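Understanding the architecture of this molecule
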Amino acid sequence: MIIVSDKAKERILELKKEEGRTENENIRVSVKGGGCSGLMYDLGFDGAQVETDHVFEDKGVKILVDRKSLLYLAGTTLEFTDGLNGKGFQFVNPNASRTCGCGESFSV
């Protein structure tokens, strides 16, 4: 399960509207190799759901996760911050043993 904070939901809906996305396009969250801690988050809109995707819905936001990434993302909360220390989506991942300073990469 991936949880979406209220602020993240608001920003996702704003971006969907700004970018002219359709109702069939959902959020895809995945984990890829790279970054200063070994693994990186990837977040974007995707209209192509495949049979092996795990689909979660929280606060009306549908999230697609591939099978491999799910192992790293279970229990993660998707947040959005717009404070002095930066603006953007952040992942609060209970599975991460270490994260980098920017919060875009992690290790388990």
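Please refer to the structure higher up on the page.
The text that follows walks through the structure, step by step, so that each part is easy to find. Every value quoted in this text rests on a predicted model; they were computed, and no experiment measured them.

Moving on, we get to the nonpolar core. Ile12, Ile27, Ile63, Val65 and Leu73 are the most contacted members of the largest nonpolar core, which has 20 residues in total. Those elements giving two or more residues to this core turn out to be helix H1 (6-18), strand E2 (26-33), strand E3 (39-46), strand E5 (61-65), helix H2 (67-73) and strand E6 (77-83). Apart from residues lying up to four places away in sequence, Leu73 is in contact with Met1, Ile2, Val29, Ser30, Val31, Tyr41, Val65, Asn93 and Asn95.

Take the pairing of strand E4 (residues 54-58) next. Successive residues of a regular strand alternate their side chains across the two faces of the sheet. Bridge count between E4 and E5: 5 bridges; the pairing is antiparallel. Its bridge partner being in E5, Phe56 is matched across the sheet by Ile63. Adjacent in sequence and paired antiparallel, E4 and E5 are bridged by 2 residues, among which Lys59 carries a positive phi angle near 55°.

Another point: the packing of aromatic side chains. Per the stated rule, a full pass over the model turns up 2 aromatic pairs. Here Tyr41 and Phe91 contribute two aromatic rings whose centre-to-centre distance is 4.1 Å and whose plane-to-plane angle is 15°, an arrangement assigned as stacked. With a gap of 50 residues between them, Tyr41 in strand E3 and Phe91 in strand E7 (residues 86-92) connect regions that are remote in the sequence. The class of Tyr41 is buried, set by a relative accessible area of 11%. Ring centres 5.1 Å apart and planes at 65° place the aromatic pair Phe80 and Phe89 in the edge-to-face group.

This next bit is on unusual backbone geometry. With a phi angle near 55°, Lys59 is a residue other than glycine that sits in the positive phi range. With respect to the helices, strands and loops of the structure, Lys59 is situated in the loop between E4 and E5.

Definitions and cut-offs
- Residues numbered from 1 in each chain as written.
- Predicted model: local features only at pLDDT ≥ 70, side-chain atom pairs only at ≥ 80, totals over all residues.
- Heavy atoms only, no water.
- Core = buried A, V, L, I, M, F, W, Y, C linked by side-chain atoms within 4.5 Å.
- Buried < 20%, exposed > 50% of the residue type's maximum accessible area, 1.4 Å probe, protein only.
- Helix = DSSP H or I, 4+ residues; strand = E, 2+ residues; numbered from the N terminus.
- Contact = heavy atoms within 4.5 Å.
- Pairing = 2+ DSSP bridges.
- Phe/Tyr/Trp six-rings, centres within 6.5 Å; stacked < 30°, edge-to-face > 60°.

Everything listed here is a matter of coordinates, which is why it stays silent on function.
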